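One-letter residues, chain by chain:
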Amino acid sequence: MNSNTKIYIAGHRGMVGSAIWRALEAKGYSNLIGKTSAELDLRSQEAVADFFFTEKPDVVIDAAARVGGILANNNYPYQFLMENMQIQNNLIDYSLKADVQKFIFLGSSCIYPKMAPQPLKEEYLLTGPLETTNEWYAIAKITGVKACEAIRKQFGKDYISLMPTNLYGPHDNFDLTSSHVLPAMIRKFHEAKQLPVVSDQLSVVGDKKNDFSEDLPVTLWGSGTPMREFLFVEDLADAVVFALENKFQDNLYNVGTGIDLTIKELAELIQKTVGHTGEIVWDSSKPDGTPRKLMDVSKMEQAGWKAKVGLVEGIQRTYQWFLENQESFKEVKI
Ligand SMILES: NC(=O)c1ccc[n+]([C@@H]2O[C@H](COP(=O)([O-])OP(=O)(O)OC[C@H]3O[C@@H](n4cnc5c(N)ncnc54)[C@H](OP(=O)(O)O)[C@@H]3O)[C@@H](O)[C@H]2O)c1
Ligand SMILES: C[C@@H]1O[C@H](OP(=O)(O)OP(=O)(O)OC[C@H]2O[C@@H](n3cnc4c(=O)[nH]c(N)nc43)[C@H](O)[C@@H]2O)[C@@H](O)[C@H](O)[C@@H]1O
């Protein structure tokens, strides 16, 4: 691996792909390739074949997928199963056919059984039934993990799978129906804060209205009792670069912080960061999903990598990014 290694980052404009691109550039890699979905639809086997035989990358990092939160996964099972299998299978198969030396596949912690012991170890894969709200996406990701494992076994190629926990950070998806919980909470609490009110009835003292009313209530999904682990996306990008520059002994590695909290605790942390003062309403008609999916991150730690950015700092940096990009933040419509 050197600065001229030709690295194709599939999904290079996404939250994860763009973070990986920034991390690689910062480390001096100058031969990076990216294609938007309009330029190269990875669901098309013919287009992917043509791309690989033309570009012949040395390394492929797969950060392209149809991605969404619990509601999107639950409402669009076919797309989350089929499109993700098409994308990853084309990338993996044509990487093999074009003799790509290293392939890094990104899965998700939802590949593990719903009621597996916590924290989740890599060997728990396929030992029990999946969470129903995202089993479609999980089955697609599991086939990607197994395809890379088969290539390691049969062809001896350095194809590995990283299983990140829930990710968040700059360039996240802030669409309130398709996003994950953390960006959704940032936007909901921010938009519920009452703007300074200037009218003949009210005078504005500083930047706060002085009618002493609270901010608007915020409605969140489920019960607030499930637990989730959150990894700042720049930490994940750092883990991907680490995996690129090191030869791992195995095919599957969890990537996370090893720390989780309840959705209610997350809401209170984000409410405080955003400065919202008002009621939180829990909409029990929305699904809770997996009760917990804390990852055992000891395998990556033994390989030499550990997360650095804590949740409080990560949320502050994400909110700052949201404030600076309110005009252009991404809303991925499913
Ligand atoms: N976000 C999380 O919490 C999380 C957690 C664990 C794992 N992951 C994994 O991390 C990876 C990236 O996730 P993300 O959060 O960065 O998602 P994202 O922001 O939605 O980015 C997804 C990327 O995939 C590309 N893409 C989607 N369909 C495509 C198609 N048919 N052809 C070509 N490109 C296509 C998009 O390209 P365009 O922008 O050009 O349309 C986009 O850049 C995925 O593999 C996901 O499973 C994410
Ligand atoms: C990493 C991703 O994890 C995903 O599961 P998962 O963490 O439940 O996905 P999230 O959508 O992040 O939901 C996490 C928890 O937050 C609750 N929640 C509360 N308020 C909200 C809200 O306003 N928006 C959202 N989105 N959730 C909210 C939600 O009910 C669930 O219990 C999988 O569906 C994906 O496929 C992927 O694996």
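None of these values were measured; they are calculated from a predicted model.

## Comments concerning the site of ligand 1
- Around ligand 1, the structure places 26 residues, and the nearest of them are Val 16, Ser 37, Tyr 137, Lys 141 and Lys 330.
- Separating an oxygen atom of ligand 1 from a side-chain N or O atom of Arg 13 is a distance of 3.0 Å.
- One of the backbone nitrogen or oxygen atoms of Ala 65 is found 3.2 Å away from an oxygen atom of ligand 1.
- When ligand 1 sits alone it has 900 Å² of accessible area, and the protein chains cover 89% of it.
- Within the residue set of the shell around ligand 1, elements represented by two or more residues are α1 (15–26), α5 (135–155) and β6 (166–168).

## A closer look at the side chain of Gln 271
- Assignment of secondary structure puts Gln 271 in helix α8 (residues 263–274).
- Here the side chain of Gln 271 touches His 276 through a polar contact of 3.0 Å, side chain to side chain.
- When neighbours within four sequence positions are excluded, Gln 271 is seen to be in contact with Phe 189, His 276, Gly 278 and Ile 280.

## Describing the UniProt feature "binding site: substrate" (unreviewed entry) in the protein chain
- Under the UniProt annotation, "binding site: substrate" (unreviewed entry) lies at Lys 188, Trp 221, Arg 228 and Asp 288.
- Among the structural elements, Trp 221 can be located in strand β9 (residues 218–221).
- Overall, the relative accessible area of 22% leaves Trp 221 in the partly exposed class.
- The contact partners of Trp 221, leaving out residues within four places of it in the chain, are Ile 70, Leu 71, Leu 176, Thr 177, Lys 188, Trp 282, Asp 283 and Lys 286.
- Take Asp 288: it is sitting in the loop between β13 (280–283) and α9 (298–303).
- Among the residues examined, Asp 288 registers a relative accessible area of 29% and is labelled partly exposed.
- Those residues within four positions of Asp 288 in sequence are excluded, and the remaining contacts are Ile 70, Gly 222, Ser 223, Gly 224, Thr 225, Pro 226 and Arg 228.
- Of the polar contacts made by the side chain of Asp 288, one reaches the side chain of Ser 223; its length is 2.8 Å.

## Considering the packing of aromatic side chains
- By the definition in use, this model includes 13 aromatic pairs.
- Arranged with centres 6.1 Å apart and planes meeting at 80°, the rings of Tyr 8 and Phe 52 form a pair that is edge-to-face. Linking Tyr 8 in strand β1 (residues 7–10) with Phe 52 in helix α2 (residues 45–55), this pair joins segments that are 44 residues apart in sequence. For the residue pair Tyr 8 and Phe 52, the accessibility class agrees, reading buried in each case.

## With respect to the sheet that holds strand β2 (residues 32–33)
- Read across the open sheet, the 6 strands follow the order β2-β1-β3-β4-β5-β11; overall the sheet is parallel. Edge positions in the sheet fall to β2 and β11 (252–255), since each of these pairs with one other strand and no more.
- Of the pairings in the sheet, the one linking β1 to β2 comprises 2 bridges and is parallel in character. Directly across from Tyr 8, in β2, lies its bridge partner Ile 33.
- Packing of α5 onto the sheet brings it into contact with β4 (102–106), β5 (158–164) and β11, and relative to β5 it is tilted by some 155°.
- Each of β1, β3 (59–62), β4, β5 and β11 touches helix α7 (residues 233–245); the most contacted strand, β4, lies at about 150° to it.

About the cut-offs
Residues numbered from 1 in each chain as written. Chains lettered and ligands numbered in written order. Predicted model: local features only at pLDDT ≥ 70, side-chain atom pairs only at ≥ 80, totals over all residues. Heavy atoms only, no water. Near = heavy atom within 4 Å. Polar contact = N/O pair within 3.5 Å; in protein donor to acceptor, adjacent residues only side chain to side chain. Areas by Shrake-Rupley, 256 points an atom, 1.4 Å probe, with all protein chains shown as cover. Helix = DSSP H or I, 4+ residues; strand = E, 2+ residues; numbered from the N terminus. Contact = heavy atoms within 4.5 Å. UniProt positions renumbered as here; feature names shortened; annotations may be inferred. Buried < 20%, exposed > 50% of the residue type's maximum accessible area, 1.4 Å probe, protein only. Phe/Tyr/Trp six-rings, centres within 6.5 Å; stacked < 30°, edge-to-face > 60°. Pairing = 2+ DSSP bridges. Axes fitted to C-alpha atoms, helices over the stretch in contact; angles between N-to-C directions.

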